[in-house]
Amino acid sequence: KPHLLVLLAHADNDEATELARTFPEFGIVVSAGGAEDPEQREQRVGNTLFVQTGKKGKYTACVGLFGPPGRIDGMKFELI
């Protein structure tokens, strides 16, 4: 029973955004198949954090979890 699901997708921006909408149980979607230099590397799709790393992972996705020690449920996560 994981507390946080992360979806890694090699998909363009539209396809990865649709995956985030279709599977809201994923807290984070990281996509490496869009533009080489994405205009916006972080956005929200509903409650899902959507991160683009550029073509072939040109950028790195580093996500921080903030909340009470030892608990993930109810934590806030954001790109840092």
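The notes below deal with the structure included here. Quick caveat: nothing in here was measured; it's all calculated off a predicted structure.

1. Some words on the packing of aromatic side chains
Step number 1: In this structure the tally under the stated criterion is 1 aromatic pair.
Step number 2: On the basis of an interplanar angle of 90 degrees and a centroid distance of 6.5 Å, the ring pair of Phe 23 and Phe 26 is categorised as edge-to-face.
Step number 3: Residue Phe 26 is classed as buried on the basis of its relative accessible area of 18%.

2. Here we look at the pattern of salt bridges
It is possible for side chains of opposite charge to pair when their charged atoms get near one another.
Step number 1: Evaluation of the coordinates by the stated rule reveals 1 salt bridge.
Step number 2: A salt bridge links Glu 18 to Arg 21; its shortest N-O distance comes to 4.0 Å. You can see Glu 18 and its partner Arg 21 sitting in helix H1 (residues 13-22), 3 residues apart, about one turn around the helix.
Step number 3: Here Glu 18 falls in the partly exposed class, since its relative accessible area comes to 41%.

3. Here's the deal with the nonpolar core
Step number 1: Among the nonpolar cores identified, the biggest contains 9 residues, and these are Leu 7, Ala 9, Ala 11, Ala 16, Ala 20, Phe 26, Val 29, Val 45 and Phe 50.
Step number 2: For this core, the secondary-structure elements that each account for two or more residues are strand E1 (6-9) and H1.
Step number 3: Residues in contact with Ala 11, not counting those within four places in the same chain, are Ala 16, Ser 31, Gly 33 and Gly 34.

4. What to know about the pairing of strand E2 (residues 28-31)
Step number 1: Neither face of E2 is left uncovered, since the one carrying Ile 28 and Val 30 and the one carrying Val 29 and Ser 31 both have all their residues buried.
Step number 2: As paired elements, E1 and E2 share 4 bridges and run parallel to each other. Among the inter-strand pairings, Ala 9 is bridged to a residue of E2, identified as Ser 31.
Step number 3: The β-α-β motif built from E1, the intervening H1 and the parallel element E2 has right-handed crossover chirality.

What counts, and at which threshold
- Residues numbered from 1 in each chain as written.
- Predicted model: local features only at pLDDT ≥ 70, side-chain atom pairs only at ≥ 80, totals over all residues.
- Heavy atoms only, no water.
- Phe/Tyr/Trp six-rings, centres within 6.5 Å; stacked < 30°, edge-to-face > 60°.
- Buried < 20%, exposed > 50% of the residue type's maximum accessible area, 1.4 Å probe, protein only.
- Salt bridge = Lys/Arg side-chain N within 4 Å of Asp/Glu carboxyl O.
- Helix = DSSP H or I, 4+ residues; strand = E, 2+ residues; numbered from the N terminus.
- Core = buried A, V, L, I, M, F, W, Y, C linked by side-chain atoms within 4.5 Å.
- Contact = heavy atoms within 4.5 Å.
- Pairing = 2+ DSSP bridges.
- Right-handed = clockwise from strand over helix to strand, strands pointing away.

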